[in-house]
Amino acid sequence: MAVREDADQLVRSTDSQHPANLICELCRKFYTLGWVTGTGGGTSIRHNDHIFIAPSGVQKELMQPTDMFVMDYNNRQYLRKPTTLKPSACTPLFLAAFDRGAGCCIHTHSQWAVLVTLLVERDFGTKACFEIERIEQIKGIPKGRGKAGNLGYHDSLRIPIIENTAHEEDLTESLEKAMEAHPDTYAVLVRRHGIYVWGDSVQKAKTQCESLDYIFQLAVEMKRLGLP
Ligand SMILES: CSCCC(=O)C(=O)COP(=O)(O)O
Ligand SMILES: [Zn+2]
(Lines give C-alpha, C1' and ligand atoms only; values in the text may rest on other atoms or scores of the structure.)
(Ligands and ions follow the chains in the order given, each with its own letter.)
Protein backbone atom coordinates (compact mmCIF):
# COMPACT_ATOMS: atom_id res chain seq x y z
CA MET A 1 0.00 0.00 0.00
CA ALA A 2 1.38 3.43 -0.93
CA VAL A 3 1.73 6.29 1.51
CA ARG A 4 -1.67 8.00 1.58
CA GLU A 5 -2.05 11.44 0.02
CA ASP A 6 -4.17 12.56 2.98
CA ALA A 7 -1.60 11.09 5.38
CA ASP A 8 -1.39 14.26 7.48
CA GLN A 9 -5.00 13.66 8.56
CA LEU A 10 -3.71 10.59 10.37
CA VAL A 11 -1.68 12.68 12.82
CA ARG A 12 -3.39 16.09 12.94
CA SER A 13 -6.06 16.34 15.61
CA THR A 14 -7.22 18.79 18.26
CA ASP A 15 -8.05 15.81 20.50
CA SER A 16 -5.40 15.56 23.23
CA GLN A 17 -6.09 11.78 23.36
CA HIS A 18 -5.21 11.26 19.69
CA PRO A 19 -2.21 8.84 19.58
CA ALA A 20 0.05 11.31 17.72
CA ASN A 21 -0.62 13.96 20.40
CA LEU A 22 -0.38 11.45 23.25
CA ILE A 23 3.06 10.12 22.18
CA CYS A 24 4.47 13.67 22.19
CA GLU A 25 2.85 14.49 25.53
CA LEU A 26 4.00 11.22 27.16
CA CYS A 27 7.57 11.58 25.92
CA ARG A 28 7.73 15.12 27.36
CA LYS A 29 6.68 13.66 30.73
CA PHE A 30 9.05 10.70 30.41
CA TYR A 31 11.96 13.06 29.68
CA THR A 32 11.45 14.71 33.08
CA LEU A 33 11.74 11.24 34.67
CA GLY A 34 15.02 10.48 32.85
CA TRP A 35 13.33 7.78 30.81
CA VAL A 36 14.01 9.15 27.31
CA THR A 37 17.22 11.11 27.82
CA GLY A 38 19.54 11.88 24.91
CA THR A 39 17.14 10.53 22.22
CA GLY A 40 17.03 7.06 23.88
CA GLY A 41 13.76 5.24 24.58
CA GLY A 42 10.33 6.01 23.15
CA THR A 43 6.67 5.09 22.96
CA SER A 44 4.40 3.56 20.36
CA ILE A 45 0.59 3.29 20.35
CA ARG A 46 -1.72 0.94 18.50
CA HIS A 47 -5.11 2.44 17.70
CA ASN A 48 -7.33 -0.04 15.85
CA ASP A 49 -5.27 -1.02 12.79
CA HIS A 50 -2.94 1.96 12.95
CA ILE A 51 0.43 1.91 14.71
CA PHE A 52 1.84 5.32 15.65
CA ILE A 53 5.64 5.35 15.75
CA ALA A 54 8.07 8.12 16.69
CA PRO A 55 11.12 8.94 14.57
CA SER A 56 14.57 7.54 15.33
CA GLY A 57 17.41 9.52 16.86
CA VAL A 58 15.44 12.66 17.67
CA GLN A 59 15.00 14.44 21.00
CA LYS A 60 11.91 12.56 22.13
CA GLU A 61 10.74 15.40 24.41
CA LEU A 62 10.61 17.88 21.51
CA MET A 63 8.65 15.79 18.98
CA GLN A 64 5.58 17.16 17.19
CA PRO A 65 2.56 15.07 16.07
CA THR A 66 3.58 15.68 12.44
CA ASP A 67 6.87 13.85 13.13
CA MET A 68 4.94 10.58 13.64
CA PHE A 69 5.03 7.58 11.32
CA VAL A 70 1.80 5.61 10.89
CA MET A 71 1.89 1.93 9.95
CA ASP A 72 -0.96 -0.32 8.85
CA TYR A 73 -0.85 -3.09 11.48
CA ASN A 74 -2.16 -5.79 9.12
CA ASN A 75 0.28 -5.44 6.24
CA ARG A 76 3.10 -3.57 8.07
CA GLN A 77 3.18 -0.89 5.35
CA TYR A 78 3.64 2.77 6.21
CA LEU A 79 0.59 4.95 5.60
CA ARG A 80 2.52 8.05 6.66
CA LYS A 81 6.28 8.56 6.44
CA PRO A 82 7.86 11.94 7.25
CA THR A 83 10.37 12.25 4.40
CA THR A 84 13.40 13.52 6.34
CA LEU A 85 13.06 11.06 9.24
CA LYS A 86 13.52 7.33 9.91
CA PRO A 87 11.13 5.30 12.06
CA SER A 88 12.31 4.31 15.54
CA ALA A 89 14.76 1.41 15.64
CA CYS A 90 12.48 0.03 18.37
CA THR A 91 9.67 -0.56 15.82
CA PRO A 92 10.05 -4.40 15.57
CA LEU A 93 10.07 -4.63 19.37
CA PHE A 94 6.96 -2.48 19.66
CA LEU A 95 5.30 -4.71 17.04
CA ALA A 96 6.15 -7.79 19.12
CA ALA A 97 4.17 -6.23 21.99
CA PHE A 98 1.24 -5.33 19.71
CA ASP A 99 1.24 -8.93 18.42
CA ARG A 100 0.56 -9.93 22.04
CA GLY A 101 -2.46 -7.68 22.31
CA ALA A 102 -0.83 -4.49 23.63
CA GLY A 103 -2.34 -1.08 22.93
CA CYS A 104 0.80 0.80 23.91
CA CYS A 105 4.48 -0.04 24.41
CA ILE A 106 6.95 2.16 26.29
CA HIS A 107 10.74 1.78 26.06
CA THR A 108 12.77 3.60 28.72
CA HIS A 109 16.46 4.03 29.42
CA SER A 110 15.68 4.59 33.10
CA GLN A 111 18.82 4.30 35.22
CA TRP A 112 16.85 2.29 37.81
CA ALA A 113 15.96 -0.29 35.18
CA VAL A 114 19.58 -0.45 34.00
CA LEU A 115 20.87 -0.79 37.57
CA VAL A 116 18.58 -3.71 38.46
CA THR A 117 19.81 -5.59 35.38
CA LEU A 118 23.30 -5.30 36.87
CA LEU A 119 22.16 -6.79 40.17
CA VAL A 120 20.93 -10.03 38.57
CA GLU A 121 23.31 -12.76 37.40
CA ARG A 122 23.78 -13.32 33.68
CA ASP A 123 22.03 -16.39 32.33
CA PHE A 124 22.39 -17.38 28.70
CA GLY A 125 19.06 -19.20 28.63
CA THR A 126 15.72 -17.45 29.11
CA LYS A 127 15.97 -17.74 32.88
CA ALA A 128 17.55 -14.44 33.92
CA CYS A 129 14.89 -12.64 35.91
CA PHE A 130 14.48 -9.73 38.29
CA GLU A 131 12.30 -10.98 41.15
CA ILE A 132 10.75 -9.21 44.13
CA GLU A 133 7.97 -9.82 46.64
CA ARG A 134 6.27 -8.23 49.65
CA ILE A 135 6.27 -4.70 48.20
CA GLU A 136 2.86 -2.97 48.02
CA GLN A 137 3.51 -1.42 44.58
CA ILE A 138 3.55 -4.83 42.84
CA LYS A 139 -0.24 -4.50 43.02
CA GLY A 140 0.22 -2.07 40.08
CA ILE A 141 1.19 -4.96 37.78
CA PRO A 142 -1.38 -7.27 36.10
CA LYS A 143 -1.35 -11.01 36.90
CA GLY A 144 -0.88 -11.91 33.27
CA ARG A 145 -2.40 -11.90 29.81
CA GLY A 146 -5.95 -13.26 29.92
CA LYS A 147 -5.91 -13.30 33.74
CA ALA A 148 -8.21 -10.98 35.63
CA GLY A 149 -6.78 -8.46 38.06
CA ASN A 150 -3.38 -7.46 39.34
CA LEU A 151 -0.74 -9.19 41.46
CA GLY A 152 -1.44 -9.26 45.19
CA TYR A 153 0.84 -8.35 48.06
CA HIS A 154 1.75 -12.03 48.62
CA ASP A 155 2.58 -12.69 44.97
CA SER A 156 6.06 -12.53 43.42
CA LEU A 157 6.82 -10.17 40.55
CA ARG A 158 9.20 -11.56 37.92
CA ILE A 159 10.57 -9.56 34.98
CA PRO A 160 12.77 -11.42 32.46
CA ILE A 161 16.13 -9.92 31.49
CA ILE A 162 17.61 -10.24 28.00
CA GLU A 163 21.17 -9.38 26.98
CA ASN A 164 21.79 -6.17 25.04
CA THR A 165 22.85 -6.16 21.38
CA ALA A 166 24.79 -3.64 19.30
CA HIS A 167 21.65 -2.53 17.46
CA GLU A 168 18.18 -2.05 18.97
CA GLU A 169 16.36 -4.03 16.27
CA ASP A 170 18.60 -7.08 16.94
CA LEU A 171 16.92 -7.40 20.36
CA THR A 172 13.69 -8.55 18.70
CA GLU A 173 14.39 -12.30 18.68
CA SER A 174 15.42 -12.48 22.34
CA LEU A 175 12.54 -10.20 23.35
CA GLU A 176 10.09 -12.55 21.61
CA LYS A 177 11.73 -15.60 23.24
CA ALA A 178 11.43 -13.95 26.67
CA MET A 179 7.76 -13.18 25.95
CA GLU A 180 7.15 -16.83 25.08
CA ALA A 181 9.06 -18.14 28.11
CA HIS A 182 7.22 -15.72 30.42
CA PRO A 183 3.69 -15.49 28.96
CA ASP A 184 2.41 -13.55 31.98
CA THR A 185 4.92 -10.75 31.75
CA TYR A 186 4.10 -7.23 30.61
CA ALA A 187 7.74 -6.13 30.59
CA VAL A 188 11.21 -7.24 29.55
CA LEU A 189 14.41 -5.71 30.93
CA VAL A 190 17.40 -5.28 28.62
CA ARG A 191 20.71 -5.56 30.45
CA ARG A 192 22.79 -2.35 30.48
CA HIS A 193 20.11 -0.70 28.32
CA GLY A 194 16.61 -0.25 29.81
CA ILE A 195 13.17 -1.82 29.66
CA TYR A 196 10.20 -2.46 27.36
CA VAL A 197 6.81 -2.24 29.12
CA TRP A 198 3.50 -2.76 27.39
CA GLY A 199 -0.13 -2.62 28.41
CA ASP A 200 -3.60 -3.18 27.06
CA SER A 201 -4.08 0.60 26.91
CA VAL A 202 -1.93 3.73 27.08
CA GLN A 203 -3.06 4.34 30.65
CA LYS A 204 -2.17 0.78 31.71
CA ALA A 205 1.25 0.82 30.00
CA LYS A 206 2.06 4.14 31.70
CA THR A 207 0.98 3.09 35.19
CA GLN A 208 2.77 -0.26 34.87
CA CYS A 209 5.93 1.50 33.74
CA GLU A 210 5.68 3.90 36.70
CA SER A 211 5.09 1.04 39.16
CA LEU A 212 8.07 -0.91 37.79
CA ASP A 213 10.38 2.09 37.89
CA TYR A 214 9.37 2.71 41.52
CA ILE A 215 10.03 -0.96 42.37
CA PHE A 216 13.42 -0.93 40.60
CA GLN A 217 14.52 2.18 42.48
CA LEU A 218 13.41 0.57 45.74
CA ALA A 219 15.29 -2.66 44.91
CA VAL A 220 18.49 -0.77 44.14
CA GLU A 221 18.24 1.24 47.36
CA MET A 222 17.41 -1.91 49.37
CA LYS A 223 20.52 -3.57 47.98
CA ARG A 224 22.60 -0.49 48.81
CA LEU A 225 21.29 -0.58 52.39
CA GLY A 226 22.00 -4.30 52.64
CA LEU A 227 18.30 -5.13 53.06
CA PRO A 228 17.09 -8.58 51.92
C1 LIG B 1 21.22 6.97 22.69
S2 LIG B 1 19.85 6.11 22.14
C3 LIG B 1 20.37 4.64 21.32
C4 LIG B 1 19.23 3.93 20.62
C5 LIG B 1 18.23 3.40 21.60
O6 LIG B 1 18.57 2.58 22.45
C7 LIG B 1 16.86 3.85 21.60
O8 LIG B 1 16.08 3.40 22.40
C9 LIG B 1 16.36 4.90 20.67
O10 LIG B 1 15.99 4.39 19.47
P11 LIG B 1 15.28 5.35 18.39
O12 LIG B 1 15.59 4.71 17.07
O13 LIG B 1 13.80 5.36 18.71
O14 LIG B 1 15.86 6.73 18.51
ZN1 LIG C 1 16.87 1.83 23.69
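Residues numbered from 1 in each chain as written. Chains lettered and ligands numbered in written order. Predicted model: local features only at pLDDT ≥ 70, side-chain atom pairs only at ≥ 80, totals over all residues. Heavy atoms only, no water.

The chain appears in an unreviewed UniProt entry as Methylthioribulose-1-phosphate dehydratase from Cryomyces minteri. Its UniProt record gives the chain the following Catalytic activity (unreviewed entry) comment, quoted word for word: "5-(methylsulfanyl)-D-ribulose 1-phosphate = 5-methylsulfanyl-2,3-dioxopentyl phosphate + H2O". Quoted verbatim from the Function (unreviewed entry) field of UniProt, the annotation for the chain is "Catalyzes the dehydration of methylthioribulose-1-phosphate (MTRu-1-P) into 2,3-diketo-5-methylthiopentyl-1-phosphate (DK-MTP-1-P)." (UniProt positions renumbered as here; feature names shortened; annotations may be inferred.)

Distances from the zinc ion (ligand 2) to its protein donors, His107 (NE2), His109 (NE2), Glu168 (OE) and His193 (NE2), fall at 2.1 to 2.6 Å. Around the zinc ion (ligand 2) sit six donor atoms, and with donor-metal-donor angles ranging over 59 to 166° the site reads as irregular. Mapping the donors of the zinc ion (ligand 2) onto the primary sequence gives the spacing H-x1-H-x58-E-x24-H. Of this pair, His107 sits in strand β5 (residues 104-108) while His193 sits in the loop between β8 (187-190) and β9 (194-199); the two residues are 86 residues apart in sequence, bridging distant segments of the chain. Under the relative-accessibility criterion, His107 is labelled buried at 1%. (Donors = N, O, S within 2.8 Å, 3.2 Å for Na, K, Ca; no water. Tetrahedral: all angles 85-135°; square planar, octahedral: opposite > 155°, others 65-115°. Helix = DSSP H or I, 4+ residues; strand = E, 2+ residues; numbered from the N terminus. Buried < 20%, exposed > 50% of the residue type's maximum accessible area, 1.4 Å probe, protein only.)

We now examine the pairing of strand β3 (residues 69-72). Burial along β3 is two-sided: Phe69 and Met71 and Val70 and Asp72, pointing in opposite directions, are all buried. Bridging between strand β2 (residues 50-53) and β3 involves four bridges; their strand directions are antiparallel. Bridge pairing in β3 links Ile51 to Met71. Pairing geometry for β3 and strand β4 (residues 78-80), over two bridges, is antiparallel. For Met71, the partnering residue across the bridge sits in β4 and is Tyr78. (Pairing = 2+ DSSP bridges.)

This next bit is on the domain arrangement of the chain. Looking at the chain, the domain boundaries give domain 1 (1-88) and domain 2 (111-228). A C-alpha centroid distance of 25 Å is found between domain 1 and domain 2. Counting from both sides, the interface comprises six residues of domain 1 and, opposite them, five residues of domain 2. Between domain 1 and domain 2, a total of about 460 Å² is buried, with carbon and sulfur atoms accounting for 85% of that surface. (Domains from an automatic or database assignment. Contact = heavy atoms within 4.5 Å. Buried area = accessible area lost by both parts, 1.4 Å probe.)

Turning our attention to the sheet that holds β8. One open sheet accounts for nine strands, arranged β4-β3-β2-β1-β5-β9-β8-β7-β6; its pairing is mixed. Bordering the open sheet on either side are β4 and β6 (129-133), each of which pairs with just one other strand. Neighbour-to-neighbour, the strand axes of the sheet open up by a mean angle of 20°, direction not taken into account. In the packing of helix α3 (residues 111-119) onto the sheet, contacts are made with β6, β7 (156-162), β8 and β9, and the angle to β8 comes to roughly 75°. Sitting on the sheet, helix α5 (residues 202-224) is in contact with β1 (42-47), β5, β6, β7, β8 and β9, with an inclination near 145° to β9. (Axes fitted to C-alpha atoms, helices over the stretch in contact; angles between N-to-C directions.)

Let us now look at the state of the cysteines. Two cysteines joined by a covalent bond between their sulfur atoms form a disulfide. This model, assessed by the stated rule, comprises zero disulfides. Free of any disulfide, Cys105 has its nearest neighbouring cysteine sulfur in Cys104, separated by 7.1 Å. (Disulfide = S-S within 2.5 Å.)

This paragraph deals with the side chain of Ser44. By secondary structure assignment, the location of Ser44 is in strand β1. Taking the relative accessible area as the measure of exposure, Ser44 reaches 0% and is therefore buried. Separated by 2.8 Å, the side chain of Ser44 and the backbone oxygen of Phe52 make a polar contact. Every residue in contact with Ser44, bar those within four places of it in the chain, is listed here: Ile23, Ile51, Phe52, Ile53, Phe94, Phe98, Gly103, Cys104 and Cys105. (Polar contact = N/O pair within 3.5 Å; in protein donor to acceptor, adjacent residues only side chain to side chain.)

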